Amino acid sequence: MVEEVPPEDVKDRIDNGDDTQIIDIRSPAQFEQGHIPGAINIPMAELPSRVDEVEWSDDVVVACPIGQSSVQAARLIGSYEGVDDDSSVSSMAGGYEAWEYDLETEE
Amino acid sequence: MSESGWEGVVDLPDELDDETAEELFERATEVQDMTGEVCPYPQVEAKKAIQSLESGDLLVQETDHVPSTENVPKSVEGQADANVWKSGDGRYRIFLRKQ
(Lines give C-alpha, C1' and ligand atoms only; values in the text may rest on other atoms or scores of the structure.)
Protein backbone atom coordinates (compact mmCIF):
# COMPACT_ATOMS: atom_id res chain seq x y z
CA MET A 1 0.00 0.00 0.00
CA VAL A 2 1.17 3.47 -0.85
CA GLU A 3 1.07 5.89 2.03
CA GLU A 4 -0.65 9.20 1.32
CA VAL A 5 0.89 12.17 3.08
CA PRO A 6 -0.93 15.47 3.53
CA PRO A 7 0.67 18.56 1.93
CA GLU A 8 1.31 20.00 5.43
CA ASP A 9 3.63 17.07 6.16
CA VAL A 10 5.44 17.55 2.86
CA LYS A 11 5.88 21.24 3.68
CA ASP A 12 7.23 20.37 7.16
CA ARG A 13 9.75 17.96 5.67
CA ILE A 14 11.02 20.64 3.28
CA ASP A 15 11.18 23.27 6.03
CA ASN A 16 13.08 20.87 8.30
CA GLY A 17 15.62 20.25 5.57
CA ASP A 18 14.78 16.53 5.48
CA ASP A 19 16.24 14.53 2.65
CA THR A 20 12.88 14.24 0.93
CA GLN A 21 12.82 13.85 -2.83
CA ILE A 22 9.72 15.35 -4.42
CA ILE A 23 8.86 13.89 -7.78
CA ASP A 24 6.45 16.01 -9.83
CA ILE A 25 4.78 13.87 -12.53
CA ARG A 26 2.86 16.69 -14.22
CA SER A 27 3.74 17.99 -17.67
CA PRO A 28 6.88 20.13 -18.15
CA ALA A 29 4.63 23.13 -18.97
CA GLN A 30 2.75 22.81 -15.69
CA PHE A 31 6.02 22.30 -13.84
CA GLU A 32 7.52 25.49 -15.28
CA GLN A 33 4.53 27.51 -14.15
CA GLY A 34 5.29 26.64 -10.58
CA HIS A 35 6.21 23.63 -8.49
CA ILE A 36 6.95 22.57 -4.96
CA PRO A 37 10.40 23.94 -4.05
CA GLY A 38 13.11 21.43 -4.92
CA ALA A 39 10.80 19.14 -6.90
CA ILE A 40 12.13 17.08 -9.80
CA ASN A 41 9.97 16.92 -12.92
CA ILE A 42 9.46 13.45 -14.42
CA PRO A 43 6.29 13.51 -16.54
CA MET A 44 4.10 10.51 -15.87
CA ALA A 45 4.43 9.05 -19.35
CA GLU A 46 8.23 9.08 -19.05
CA LEU A 47 8.40 7.58 -15.59
CA PRO A 48 8.53 3.88 -16.58
CA SER A 49 11.49 4.47 -18.89
CA ARG A 50 13.30 6.91 -16.60
CA VAL A 51 12.89 5.13 -13.28
CA ASP A 52 16.38 3.66 -13.55
CA GLU A 53 18.02 7.04 -14.29
CA VAL A 54 17.22 8.55 -10.95
CA GLU A 55 19.28 8.27 -7.79
CA TRP A 56 16.35 7.56 -5.47
CA SER A 57 16.44 8.91 -1.95
CA ASP A 58 15.11 6.93 1.05
CA ASP A 59 12.20 9.29 1.29
CA VAL A 60 10.27 9.97 -1.91
CA VAL A 61 7.00 11.88 -2.26
CA VAL A 62 5.18 11.89 -5.60
CA ALA A 63 2.99 14.86 -6.53
CA CYS A 64 0.43 15.08 -9.35
CA PRO A 65 -2.55 17.37 -10.08
CA ILE A 66 -5.14 15.78 -7.79
CA GLY A 67 -3.35 12.99 -5.95
CA GLN A 68 -4.62 9.99 -7.91
CA SER A 69 -2.03 9.12 -10.54
CA SER A 70 0.69 9.84 -7.98
CA VAL A 71 -0.50 6.73 -6.13
CA GLN A 72 0.31 4.51 -9.12
CA ALA A 73 3.52 6.42 -9.75
CA ALA A 74 4.56 5.78 -6.14
CA ARG A 75 3.77 2.06 -6.58
CA LEU A 76 5.86 2.02 -9.74
CA ILE A 77 8.83 3.70 -8.07
CA GLY A 78 8.46 1.50 -4.97
CA SER A 79 8.54 -1.67 -7.08
CA TYR A 80 11.74 -0.61 -8.82
CA GLU A 81 14.69 -2.72 -7.78
CA GLY A 82 16.93 0.34 -7.37
CA VAL A 83 14.75 1.52 -4.50
CA ASP A 84 15.50 -0.06 -1.11
CA ASP A 85 12.74 -2.09 0.47
CA ASP A 86 12.87 0.02 3.61
CA SER A 87 12.60 3.31 1.69
CA SER A 88 9.43 5.30 1.96
CA VAL A 89 7.71 6.13 -1.32
CA SER A 90 4.48 8.02 -0.76
CA SER A 91 1.91 10.05 -2.63
CA MET A 92 0.93 13.61 -1.74
CA ALA A 93 -2.76 13.50 -0.83
CA GLY A 94 -4.90 15.84 -2.91
CA GLY A 95 -2.02 16.68 -5.25
CA TYR A 96 -1.23 20.22 -6.32
CA GLU A 97 -4.88 21.15 -5.86
CA ALA A 98 -4.35 20.75 -2.12
CA TRP A 99 -0.94 22.48 -1.98
CA GLU A 100 -1.53 25.91 -0.47
CA TYR A 101 2.07 26.99 0.01
CA ASP A 102 4.53 28.88 -2.14
CA LEU A 103 5.57 27.53 -5.50
CA GLU A 104 8.99 27.78 -7.05
CA THR A 105 9.29 28.90 -10.67
CA GLU A 106 12.12 28.53 -13.13
CA GLU A 107 14.24 31.65 -13.39
CA MET B 1 12.09 -7.17 -12.87
CA SER B 2 13.96 -5.11 -15.43
CA GLU B 3 11.15 -3.53 -17.42
CA SER B 4 8.91 -1.17 -15.46
CA GLY B 5 5.42 -0.50 -16.71
CA TRP B 6 2.09 0.83 -15.59
CA GLU B 7 0.12 -2.37 -15.91
CA GLY B 8 1.79 -4.03 -12.97
CA VAL B 9 1.01 -1.18 -10.61
CA VAL B 10 -2.56 -0.34 -11.62
CA ASP B 11 -5.67 -2.00 -10.17
CA LEU B 12 -7.64 -2.66 -13.33
CA PRO B 13 -11.40 -3.07 -12.99
CA ASP B 14 -12.91 -6.39 -14.17
CA GLU B 15 -11.93 -7.12 -17.74
CA LEU B 16 -14.39 -7.71 -20.58
CA ASP B 17 -13.85 -10.22 -23.37
CA ASP B 18 -13.62 -8.90 -26.93
CA GLU B 19 -17.11 -9.87 -27.95
CA THR B 20 -18.87 -8.41 -24.93
CA ALA B 21 -16.79 -5.25 -25.17
CA GLU B 22 -17.66 -4.76 -28.83
CA GLU B 23 -21.34 -5.36 -28.21
CA LEU B 24 -21.43 -2.92 -25.31
CA PHE B 25 -19.41 -0.33 -27.20
CA GLU B 26 -22.02 -0.27 -29.97
CA ARG B 27 -24.74 0.39 -27.42
CA ALA B 28 -22.84 3.07 -25.49
CA THR B 29 -24.78 6.19 -24.65
CA GLU B 30 -21.70 8.36 -24.83
CA VAL B 31 -18.11 7.81 -25.96
CA GLN B 32 -15.23 10.05 -24.87
CA ASP B 33 -11.90 9.88 -26.65
CA MET B 34 -9.28 10.53 -23.97
CA THR B 35 -6.30 9.36 -26.01
CA GLY B 36 -3.22 11.31 -25.00
CA GLU B 37 -4.94 12.86 -21.99
CA VAL B 38 -3.75 12.43 -18.43
CA CYS B 39 -5.08 13.17 -14.96
CA PRO B 40 -7.16 15.09 -14.05
CA TYR B 41 -8.97 15.80 -17.35
CA PRO B 42 -10.39 12.26 -17.92
CA GLN B 43 -11.70 12.12 -14.33
CA VAL B 44 -13.34 15.53 -14.66
CA GLU B 45 -15.00 14.63 -17.97
CA ALA B 46 -16.20 11.27 -16.64
CA LYS B 47 -17.79 12.93 -13.62
CA LYS B 48 -19.54 15.53 -15.76
CA ALA B 49 -20.85 12.92 -18.20
CA ILE B 50 -22.08 10.54 -15.49
CA GLN B 51 -24.06 13.34 -13.88
CA SER B 52 -25.94 14.02 -17.09
CA LEU B 53 -26.72 10.35 -17.82
CA GLU B 54 -29.76 8.31 -16.76
CA SER B 55 -29.50 5.24 -14.57
CA GLY B 56 -28.41 2.24 -16.68
CA ASP B 57 -26.77 4.41 -19.37
CA LEU B 58 -23.28 3.50 -20.47
CA LEU B 59 -20.33 5.87 -20.79
CA VAL B 60 -17.18 4.66 -22.55
CA GLN B 61 -13.81 6.37 -22.31
CA GLU B 62 -11.07 5.38 -24.73
CA THR B 63 -7.58 5.86 -23.34
CA ASP B 64 -3.96 4.95 -23.89
CA HIS B 65 -3.04 5.88 -20.34
CA VAL B 66 -3.22 2.80 -18.10
CA PRO B 67 -3.51 4.67 -14.77
CA SER B 68 -6.80 6.15 -16.03
CA THR B 69 -8.33 2.67 -15.90
CA GLU B 70 -8.00 2.82 -12.12
CA ASN B 71 -8.46 6.54 -11.52
CA VAL B 72 -11.48 7.20 -13.71
CA PRO B 73 -13.64 4.46 -12.11
CA LYS B 74 -12.51 5.74 -8.71
CA SER B 75 -13.65 9.25 -9.53
CA VAL B 76 -17.23 8.04 -10.19
CA GLU B 77 -17.26 5.44 -7.42
CA GLY B 78 -20.74 4.95 -5.99
CA GLN B 79 -22.31 6.39 -9.14
CA ALA B 80 -21.19 3.97 -11.83
CA ASP B 81 -19.94 0.39 -12.19
CA ALA B 82 -16.71 -0.05 -14.10
CA ASN B 83 -15.26 -2.60 -16.51
CA VAL B 84 -12.29 -2.37 -18.79
CA TRP B 85 -11.34 -3.81 -22.15
CA LYS B 86 -7.73 -4.09 -23.35
CA SER B 87 -7.13 -3.91 -27.07
CA GLY B 88 -3.74 -5.55 -26.69
CA ASP B 89 -1.92 -2.72 -28.44
CA GLY B 90 -1.85 -0.25 -25.57
CA ARG B 91 -5.32 1.18 -25.92
CA TYR B 92 -8.08 0.63 -23.40
CA ARG B 93 -11.78 1.22 -23.14
CA ILE B 94 -13.27 2.00 -19.76
CA PHE B 95 -16.96 1.10 -19.49
CA LEU B 96 -18.90 3.00 -16.86
CA ARG B 97 -22.53 2.06 -16.31
CA LYS B 98 -24.50 4.57 -14.28
CA GLN B 99 -26.11 3.01 -11.21
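The structure under discussion appears in the preceding block.
Just so we're clear, the structure is a prediction, and the values are computed from it rather than from any experiment.

(A) Structural view of the sheet that holds strand β4 (residues 59-63) of chain A. All names here are of chain A. Strand order across the open sheet formed by five strands is β1-β5-β4-β2-β3, with parallel pairing between neighbours. Unpaired on one side and paired on the other, β1 (3-5) and β3 (40-41) mark the two borders of the sheet. With three bridges joining them, β1 and strand β5 (residues 88-92) adopt parallel strand pairing. Within the sheet, the bridge partner assigned to V5 lies in β5 and is M92. Running over the sheet, helix α1 (residues 7-15) touches β1, β2 (20-24), β4 and β5 and is turned about 75 degrees from β1. Here helix α4 (residues 69-79) sits on the sheet and contacts β1, β4 and β5; the angle it forms with β5, its principal contact strand, is near 170 degrees.

(B) Focus on helix α2 (residues 41-52) of chain B. Residues and elements named next belong to chain B. For α2, which comprises twelve residues, the first-to-last C-alpha distance of 17 Å matches the rise-based estimate of 16 Å (1.5 Å per residue) to within 8%. Buried within α2 are the following residues: P42, Q43, E45, A46, A49 and I50. Relative to the axis of α2, the buried residues are bounded by an arc of 165 degrees and lie together on one face. Structural note: α2 exposes Q51 and S52 on the side pointing more than 90 degrees away from its buried face. Where α2 is buried, its residues contact β1 (30-33), β2 (58-63), α3 (66-75), β3 (80-86) and β4 (92-98).

Analysis parameters
- In this numbering scheme, every chain counts its residues from 1 along its sequence in written order.
- Chains carry letters and ligands carry numbers; both start at the beginning, A for chains and 1 for ligands, and go up in the order they are written.
- Note on the predicted model: pLDDT of at least 70 is required for a residue's local features to be given, and 80 or more for side-chain atom pairs to be given and counted; whole-chain, interface and lining totals, by contrast, use all residues.
- Computation of side-chain values: all heavy atoms of the structure, hydrogens and water removed.
- We call two strands paired when DSSP finds no fewer than two bridges between them.
- Secondary structure counts use DSSP, requiring at least four H or I residues in a row for a helix and at least two E residues in a row for a strand, with both numbered from the N terminus.
- We call two residues in contact when some of their heavy atoms are within 4.5 Å.
- Axis lines are fitted through C-alpha atoms, for helices just across the contact stretch, and the angle between N-to-C directions can take any value from 0 to 180 degrees.
- Expected helix span is taken as 1.5 Å per residue step, with the number of steps being one fewer than the number of residues.
- Each residue's exposure class comes from its accessible area (1.4 Å probe, protein chains only) as a fraction of the maximum for that residue type: buried when under 20%, exposed when over 50%, partly exposed otherwise.
- Each C-beta atom gives one direction from the helix axis, and the arc is the one those directions make.

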